[in-house]
Amino acid sequence: SNMMDRGHYANERVAYITRVQSFSACHRLHSQSLSDDENKRIFGKCNNPNGHGHNYKVEVTLRGKINQITGMVMNFADMQLHIEETVMKSLDHKNLDLDVAYFANNVSTSENLAVWIWDSMATRLPPCMLYEVKVYETERSAAMYRGE
């Protein structure tokens, strides 16, 4: 009989699962390392002292073996709980620069936001399971981080 029918290869199958989450936050693009003029030149209207808001979209992707019994890499409900605890509680309806300590010293770009989300998620997940964090600042602009 065909070995595939007996699930012989099932424990070797690696899959990627992605959960999408939206949140709203405001920020100001401003680097402490630059003069006010340089900040204005580099960040333009995004350097507005009072900040501006975005409806962000985050895609978190995990990588793992498909469990032979459950057929899952991870239950989406569990994944959602991890995202809720890290992303939503810390970022939703926040001022990124004032409410998240990391952004006191790091410009709150999509790139740095992806790194912050990665670091926060990584502490809650089994080692090497987190594969990618993608942050959409607008529908047309996204930054992606893979832990490098």
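Worth saying up front: this structure is predicted, and the values here are computed from it rather than measured.

Its 13 residues give helix H4 (residues 110-122) an end-to-end C-alpha distance of 18 Å, which sits within 8% of 18 Å, the value for a rise of 1.5 Å per residue. The set of residues buried in H4 consists of Ser 110, Leu 113, Ala 114, Val 115, Trp 116, Ile 117, Trp 118, Ser 120 and Met 121. Structurally, H4 contributes buried residues whose contacts are with strand E1 (14-27), strand E2 (52-65), helix H2 (76-91), helix H3 (96-99), strand E4 (130-136) and strand E5 (142-145).

The next point concerns the UniProt feature "active site" (unreviewed entry) in the protein. This chain's UniProt record puts "active site" (unreviewed entry) on Cys 46, His 93 and Glu 137. Relative to the helices and strands, Cys 46 is located in the loop between helix H1 (36-43) and E2. On the secondary structure map, Glu 137 appears in the loop between E4 and E5. By relative accessible area, Glu 137 is classed as buried at 16%.

With that settled, the discussion passes to the pairing of E1. Every regular strand shows the same layout, with side chains that alternate between the two sheet faces. In this sheet, E2 lies alongside E1 in antiparallel orientation, the contact comprising 14 bridges. When the sheet's bridge partners are listed, Thr 18 is paired in E2 with Thr 61. Pairing geometry for E1 and strand E3 (residues 94-95), over 2 bridges, is parallel. Paired with Cys 26 across the strands is Asn 95, a residue of E3.

Next up on the list: the sheet that holds E5. One key point about sheets: their strands pair by backbone hydrogen bonds, in either a parallel or an antiparallel sense. A sheet is described by the order of its strands in space; here 5 strands give the open sequence E3-E1-E2-E4-E5, paired in mixed fashion. Two strands lie at the open edges of the sheet, namely E3 and E5, each paired on one side alone. Sitting on the sheet, H2 touches E1, E2 and E3, and the angle it makes with E1 is about 25 degrees.

The UniProt entry lists His 27, His 52 and His 54 under the feature "binding site: Zn(2+)" (unreviewed entry), expressed in the numbering used here. On the basis of their most widely separated C-alpha atoms, the annotated residues across 28 residues gather in one place, lying no more than 8.3 Å apart. The residue His 52 is located in strand E2 in this model. Discounting residues that sit within four places of it in the chain, His 52 has contacts with Ala 25, Cys 26, His 27 and Cys 46. Note on placement: His 54 falls in strand E2.

What follows covers the packing of aromatic side chains. Counted according to the given criterion, the structure contains 4 aromatic pairs. Aromatic pair Tyr 16 and Tyr 131: ring centres 4.8 Å apart, planes at 75 degrees, arrangement edge-to-face. Taken as a pair, Tyr 16 in strand E1 and Tyr 131 in strand E4 lie far apart in primary sequence, 115 residues in all. By relative accessible area, Tyr 16 is classed as partly exposed at 45%. Between Phe 23 and Tyr 56, the ring centres sit 4.9 Å apart and the planes meet at 15 degrees, which makes this aromatic pair stacked. In this pair, Phe 23 sits in strand E1 while Tyr 56 sits in strand E2, placing the two residues 33 residues apart along the sequence. Accessibility expressed as a relative area gives 2% for Phe 23, which makes it buried.

Rules used throughout
Residues numbered from 1 in each chain as written. Predicted model: local features only at pLDDT ≥ 70, side-chain atom pairs only at ≥ 80, totals over all residues. Heavy atoms only, no water. Helix = DSSP H or I, 4+ residues; strand = E, 2+ residues; numbered from the N terminus. Expected span 1.5 Å × (residues − 1). Buried < 20%, exposed > 50% of the residue type's maximum accessible area, 1.4 Å probe, protein only. Contact = heavy atoms within 4.5 Å. UniProt positions renumbered as here; feature names shortened; annotations may be inferred. Pairing = 2+ DSSP bridges. Axes fitted to C-alpha atoms, helices over the stretch in contact; angles between N-to-C directions. Phe/Tyr/Trp six-rings, centres within 6.5 Å; stacked < 30°, edge-to-face > 60°.

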